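Examination of the molecular architecture
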Amino acid sequence: MMCTPGTVMLLMLLRLSKGVFLASETCSQSGWFGPKCVYKCHCQNDSLDKTPCDFAQGTCAEGSRCEDGYTGASCQYSYLAFCRSSSLVSCEGDQDSSLAVDGKDATCITLRAMGSRDCSWSVNLTSASFVTQISVKIPPGEFTGDISNALLE
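Each value, and the rule that gives it
Residues numbered from 1 in each chain as written. Predicted model: local features only at pLDDT ≥ 70, side-chain atom pairs only at ≥ 80, totals over all residues. Heavy atoms only, no water. Helix = DSSP H or I, 4+ residues; strand = E, 2+ residues; numbered from the N terminus. Buried < 20%, exposed > 50% of the residue type's maximum accessible area, 1.4 Å probe, protein only. Contact = heavy atoms within 4.5 Å. Areas by Shrake-Rupley, 256 points an atom, 1.4 Å probe, with all protein chains shown as cover. Disulfide = S-S within 2.5 Å. Pairing = 2+ DSSP bridges. pLDDT = per-residue confidence, 0-100.

**A look at the overall build of the protein**
When its secondary structure is counted, the protein shows 1 helix and 11 strands. Secondary structure of the protein in N-to-C order comes out as β-β-β-β-β-β-β-β-β-β-β-α. Counting only residues that meet the buried cut, the protein has 31% of its 153 residues in that class. A sequence separation of at least 24 residues applies to 52% of the contacts in the protein between residues at least 6 apart. As displayed, the protein has an accessible area near 9600 Å², and 52% of this comes from carbon and sulfur atoms.

**Considering the state of the cysteines**
Here, the word disulfide means a covalent bond between the sulfur atoms of two cysteines. Counting across every chain of the model gives 4 disulfides. One disulfide in the model links Cys43 with Cys60; its S-S distance is 2.2 Å. Residues Cys43 and Cys60 are joined through a disulfide that is left-handed, its torsion about the S-S bond being -90°. Remark: Cys60 occurs in the loop between strand E5 (50-51) and strand E6 (65-66) and Cys43 occurs in strand E4 (residues 43-44); sequence separation between them is 17 residues. For Cys43, a relative accessible area of 0% translates into the label buried. Here Cys66 connects covalently by a disulfide to Cys75, the sulfurs 2.1 Å from one another. On the sign convention where negative means left-handed, the S-S torsion of about -90° between Cys66 and Cys75 marks this disulfide as left-handed. The class for Cys66 is buried, based on a relative accessible area of 15%.

**Focus: the sheet that holds E4**
With antiparallel pairing, 3 strands are arranged side by side in an open sheet as E5-E4-E6. Only two strands of the sheet have a single neighbouring strand rather than two, namely E5 and E6. Alignment of E4 against E5, held across 2 bridges, turns out to be antiparallel. Residue Cys43 lies in a different strand from E5, and its bridge partner there is Thr51.

**Details of the side chain of His42**
With respect to the helices and strands, the residue His42 is situated in the loop between strand E3 (39-40) and E4. For His42, a relative accessible area of 6% gives the class buried. Setting aside chain neighbours within four positions, we find His42 in contact with Arg65, Cys66, Glu67, Tyr70, Cys75 and Gln76.

**Quick notes on the confidence of the model for the protein**
Residues of the protein with pLDDT of at least 70 account for 72%, and the chain-wide mean is 74. Across the protein, element-level confidence peaks in E3 with a mean pLDDT of 92 and bottoms out in strand E1 (residues 9-15) with 43. Counted against residues more than four places away or in other chains, residues 1-21, with its pLDDT under 50, gives 82 contacts.

Rendered as structure tokens:
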């Protein structure tokens, strides 16, 4: 399903590592990269087979991508909410709340309140987590309210 006007997608990321590495700090151990092989490679092909990454930078080889649940240039951002249990409360329509946590930019959910009640979406992260980024994508002109308080609850 493509994101269309009136749809929302939530993306929460956990940064697993940071930094740029020098070419002289390469790793020679398969499945790892960076100085002293401290970063795990998270690359896969379309058949979901693990593929090697660049030993210095961790980038995926041409024809591969970050494995499901990871993103970023070196696949070191983890989708914190990836495939976690989620729910919608008091929202119009029969929607699958898991579309907001499937890790795909092209799938979204539409949040429309029923009557005067507030509509909400939630995800169970199962434990305390350090969140470095939350992304809510709203098409231009589709939202006129205030979501700042809703993100902090």
